[in-house]
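Structural features, examined
Below are the chains, spelled out letter by letter.
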Amino acid sequence: MKHLPHILLPVFIGLLSSCTYHFELDDVGASQKLVLYSYPGSGDTTVVHLSRSLPVSQKGELGRGLKGADIRFSVNGEAVSLAWTDDSIPGVPAQSYYAVKTYEDGDKINITAAAEGMKAVSSATVVPSRFPLTSINFVLKGGEPNQLQFWIHFTDNAQTKDYYALKVERKRQFWNDSKYSVENSSLTLNLDDEPLLNTSSGLDDILMIENEFYRNLYYWDDTKIQGKSYKVRLNTNYEADYEDDFITPDGVEHIKCQVKYRISLYSLSEEFYRYLKSLNDQKNNGLGNSELAPIRSTYTNVINGIGVVGGCRMFQTEWIDNL
């Protein structure tokens, strides 16, 4: 341990050198831009959300949806009409445009938008193939009865470059005599047994490198597994269901708890993957927040504007009973 300062000193000298970098002040006075978000392919309803940016130099509040804009949405060159909603409806947030449309693998999406006083924007993406799922299993991790392990088995397509993501949710249901309550949450998973997602090394603690995933959405590409069958292994603490009578000062209470899990699996376009990765890089950029490194920018594929148009396919299981 006495040699540790000599190891850390050159590391921090290198980190401090990254604090000096060039940036443009012209962007502070930039004009408003159109902000466009859309994720076609994730269901039979496609949302297109359009708004205005708020430059740093201007005061005011960020606007919500931008009604009355000239938006053109096409699939494989064929125009698709968009509707507008002021209020939220199932699957569509308030003040958004939307289209009811199903997609085929490889459909090419193009969106353009124009509004008075701002540059017109455009973006494009491709709808990916569905997640190539083989099976999903829950098991108790061998040798660790307090660890529940999720197995997601799939086969990657050797002919394409593919991008994937997943999220695991937990639902706790409680009954206290006649009273019922429920608690839903997305899980922060233990990645120790999954080399596709666990990219940490022994230097991570020294270099203050974080390896968390934005909103517990775990993503990867097929670089290491192209064309292979693979089983993703993810861990969480095991919580057993229980039911019992408890004696309290007010009498006997009958309490019951059941745990269920739901898994969402995603196939992503390259644009969606790069956008998600940029969000993750920002989340894990602790050095930037400490002024030891530049703040990373968010990826956008919207020409002349801000935001992302990214193809996405989602498969979601029903709520699955606990072991």
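This structure is a prediction, so every number in the text was calculated from the model and none was measured. (Residues numbered from 1 in each chain as written. Predicted model: local features only at pLDDT ≥ 70, side-chain atom pairs only at ≥ 80, totals over all residues. Heavy atoms only, no water.)

**Some details on the overall build of the chain**
Counting its secondary structure elements, the chain contains 4 helices and 19 strands. Every one of the 323 residues in the chain was classed for burial, and the buried ones make up 37%. In the chain, once contacts between residues fewer than 6 apart in sequence are set aside, the share between residues at least 24 apart is 67%. Counting only carbon and sulfur atoms, one obtains 51% of the accessible surface of the chain, whose full area is about 18700 Å². (Helix = DSSP H or I, 4+ residues; strand = E, 2+ residues; numbered from the N terminus. Buried < 20%, exposed > 50% of the residue type's maximum accessible area, 1.4 Å probe, protein only. Contact = heavy atoms within 4.5 Å. Areas by Shrake-Rupley, 256 points an atom, 1.4 Å probe, with all protein chains shown as cover.)

**What to know about unusual backbone geometry**
Trans is the prevailing form of peptide bonds, just as negative phi is the prevailing case for residues other than glycine. One non-glycine residue, Gln-95, lies in positive phi territory at about 55°. Looking at Gln-95, the relative accessible area reads 23%, which means it is partly exposed. Phi is positive for Asn-304, which is not a glycine, with a value near 70°. Note on placement: Asn-304 falls in the loop between helix 4 (286–289) and strand 17 (306–309).

**Focus: the sheet that holds strand 5 (residues 83–85)**
Read across the open sheet, the 5 strands follow the order 5-6-2-1-17; overall the sheet is mixed. Taken across any chain shown, the strands that pair with only one partner, and hence form the sheet edges, are strand 5 and strand 17. Looking at each pair of strands side by side, their axes are set apart by 25° on average, direction ignored. Inspection of the sheet shows strand 2 (residues 45–52) paired to strand 6 (residues 96–100) by 4 bridges, in the antiparallel sense. (Pairing = 2+ DSSP bridges. Axes fitted to C-alpha atoms, helices over the stretch in contact; angles between N-to-C directions.)

**Points about the side chain of Gln-173**
Counting through the fold element by element, Gln-173 comes out in strand 11 (residues 163–176). At 3.0 Å, the side chain of Gln-173 forms a polar contact with the side chain of Tyr-180. What Gln-173 contacts, discounting residues up to four positions off in sequence, is Tyr-180, Ser-181, Val-182, Lys-256, Cys-257, Gln-258 and Lys-260. (Polar contact = N/O pair within 3.5 Å; in protein donor to acceptor, adjacent residues only side chain to side chain.)

**Let's talk about the confidence of the model for the chain**
In low-pLDDT regions, the fine details of the predicted coordinates are not to be read closely. Scored by pLDDT, the chain comes out at a mean of 85, with 81% of its residues at no less than 70. Contacts of residues 1–23 to residues separated by more than four positions or lying in other chains number 14 contacts, the stretch itself having pLDDT below 50. Confidence over residues 202–209 falls short of pLDDT 50; this stretch has 9 contacts with residues more than four positions distant or in other chains. (pLDDT = per-residue confidence, 0-100.)

**Things to note about the nonpolar core**
One finds Phe-150, Ile-152, Leu-166, Leu-189 and Trp-220 to be the most contacted residues of the largest nonpolar core, which totals 36 residues. At the level of secondary structure, the elements contributing two or more residues to this core comprise strand 10 (147–155), strand 11, strand 13 (218–221), strand 14 (229–237), strand 16 (251–268) and helix 3 (270–283). By residue number, the principal contributor to this core is strand 16, which donates 7 residues. Excluding its chain neighbours within four sequence positions, the residues that come into contact with Phe-150 are Asn-137, Phe-138, Val-168, Leu-187, Leu-189, Val-232, Arg-233, Leu-234, Thr-236, Tyr-261 and Ile-263. Ile-71, Val-75, Val-80 and Ile-111 belong to the second largest nonpolar core, which has 22 residues in total. (Core = buried A, V, L, I, M, F, W, Y, C linked by side-chain atoms within 4.5 Å.)

**Describing the environment of Leu-50**
Along the chain, the position of Leu-50 falls in strand 2. Looking at Leu-50, the relative accessible area reads 0%, which means it is buried. Sequence separation of Leu-50 and Lys-67 is 17 residues, and the distance between their C-alpha atoms is 8.2 Å. Leu-50 has contacts with Leu-34, Val-35, Leu-36, Arg-64, Gly-65, Leu-66, Ala-69, Ile-71, Tyr-97 and Ala-113, leaving out every residue within four places of it along the chain.

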